[in-house]
Amino acid sequence: MLGLKLETDPRWAKLAETNIEEILTDHAWCEQKAATNAITIISLNSEHEDLVTALLIIAREELEHFQMVFDIIKKRSYTLGREQKDSYVNELFKATIKGGSRQQSLVNRLLFSAMIEARSCERFKVLSENIKDKELSEFYRELMISEAGHYTTFLGLARKYGEGINVDMQWKELLVKEGEIIKNYGKSETIHG
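Rules behind the numbers
- Residues numbered from 1 in each chain as written.
- Predicted model: local features only at pLDDT ≥ 70, side-chain atom pairs only at ≥ 80, totals over all residues.
- Heavy atoms only, no water.
- Helix = DSSP H or I, 4+ residues; strand = E, 2+ residues; numbered from the N terminus.
- Rg over C-alpha atoms; globule rule 2.2 N^0.38 Å.
- Buried < 20%, exposed > 50% of the residue type's maximum accessible area, 1.4 Å probe, protein only.
- Contact = heavy atoms within 4.5 Å.
- Lys, Arg positive; Asp, Glu negative; His and termini not counted.
- Charge placed at Lys NZ, Arg CZ, Asp CG, Glu CD.
- Axes fitted to C-alpha atoms, helices over the stretch in contact; angles between N-to-C directions.
- Left-handed = near helix turned anticlockwise from the far one by under 90°.
- Nonpolar A, V, L, I, M, F, W, Y, C, P; charged D, E, K, R; others polar.
- Core = buried A, V, L, I, M, F, W, Y, C linked by side-chain atoms within 4.5 Å.
- Polar contact = N/O pair within 3.5 Å; in protein donor to acceptor, adjacent residues only side chain to side chain.
- 1 Å grid on protein atoms, 1.4 Å probe; cavity = no way out; pocket = protein on both sides within 12 Å on 5 of 7 lines; lining within 4 Å.
- Points joined across faces, edges and corners; volume = space filled by probe spheres on them.

Colleague: I would appreciate a short explanation of the overall build of the protein chain in the present structure.
Modeller: Regarding its fold elements, the protein chain presents seven helices and zero strands. Listing each helix as α and each strand as β along the protein chain from the N terminus yields α-α-α-α-α-α-α. Over its C-alpha trace the protein chain gives a radius of gyration of 16 Å, about what one expects of a compact globule, namely 16 Å for 193 residues. Summarising its shape, the C-alpha atoms of the protein chain cover approximately 50 × 30 × 25 Å along the three principal directions. The burial tally for the protein chain puts 50% of its 193 residues in the buried class. Taking the contacts inside the protein chain whose residues are at least 6 apart along the sequence as the reference set, 82% of them involve residues at least 24 apart. One finds the centroid of the 26 positive side-chain charges in the protein chain at a distance of 4 Å from the centroid of its 31 negative side-chain charges.

Colleague: Where do I start with unusual backbone geometry in this structure?
Modeller: Excluding glycine, most residues fall at negative phi; most peptide bonds, likewise, are trans. We note that Ser77 has phi near 60°; this positive angle belongs to a residue other than glycine. Note that Ser77 resides in the loop between helix 3 (49-75) and helix 4 (87-95). According to the relative accessible area criterion, Ser77 is exposed, its value standing at 67%.

Colleague: What is the right way to look at the packing of helix 4 against helix 5 (residues 102-130) in this model?
Modeller: Two measures define how a pair of helices packs: the angle their axes make with one another and the distance between the axes. Direction vectors running N to C along helix 4 and helix 5 enclose 145°, while the axes themselves pass 10 Å from each other. Taken as a pair, helix 4 and helix 5 cross one another with a handedness that is right-handed. Judged by residue contacts, Tyr88, Val89, Leu92 and Phe93 of helix 4 engage Phe112, Met115, Ile116 and Arg119 from helix 5. Of the residues belonging to the contact of helix 4 with helix 5, the class tally is seven nonpolar, no polar and one charged.

Colleague: Quick question: what am I supposed to make of the nonpolar core here?
Modeller: It is characteristic of soluble globular proteins that their nonpolar side chains tend to be buried jointly. Within the largest apolar cluster, 63 residues are counted, with the highest numbers of intra-cluster contacts made by Leu24, Leu55, Leu127 and Trp171. Elements with a contribution of two residues or more to this core: helix 1 (11-17), helix 2 (20-44), helix 3, helix 4, helix 5, helix 6 (134-161) and helix 7 (167-182).

Colleague: Help me understand the side chain of Thr8 in this model?
Modeller: Along the chain, Thr8 falls in the segment before helix 1. Polar side-chain contacts of Thr8 include one of 2.7 Å to the side chain of Arg123. Not counting residues up to four positions away in its chain, the partners in contact with Thr8 are Arg119, Glu122, Arg123 and Val126.

Colleague: Before we go on, may I ask you to explain the layout of surface pockets in this structure?
Modeller: If a probe as big as a water molecule is rolled over the atoms, it shows which places are left empty. The calculated volume of the largest pocket comes to roughly 380 Å³. Lining the largest pocket are 23 residues; nearest its centre among them are Lys33, Ala34, Val89, Phe112 and Ile116. For the lining of the largest pocket, the element with the most residues is helix 5, which contributes seven residues. Of the residues belonging to the lining of the largest pocket, the class tally is eight nonpolar, seven polar and eight charged. Empty space within the second largest pocket amounts to approximately 280 Å³. Element by element, the count of residues in the lining of the second largest pocket is highest for helix 5, at five residues. Its residues assigned to classes, the lining of the second largest pocket comprises six nonpolar, two polar and four charged.

Right under this line is the structure:
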């Protein structure tokens, strides 16, 4: 369904499980950034009522996820660490097509967002299937489903607002680029690391 070119090695989940506090902190900040991203797209494209409506829902859900992760952190007497740079996201952002019209910029941002949601969905699936912590396994299964919905929303909006742009070709090209980028990750206790 997601079309990702490289699946995450399940051993990454075992690595993540060695430092649950770190993976939860990183995950919390990923949710905050996802909410901010949705709000940014809204602020730059507020004339599209259906886009605003869809992305307000996503922004709310991402903030709810941030709250859910933070609640788990508190429940386990962990500390929400500082936000750290997400090198995967930064590399992916650089790989998206730059320039062009306002419409092309919107499509680029929506495809970029869809890709992050797709990879997060895939990582949550790996966590849900491979960690021993039953509570977190169930939690990540639920979030996997939510991320899949966000992925399809962003991709659907890119196709809707990409009239005259070969959105499917750009998506396929981004999938290939992301497959190359992700080869360098999966070695740390972060959601995309």
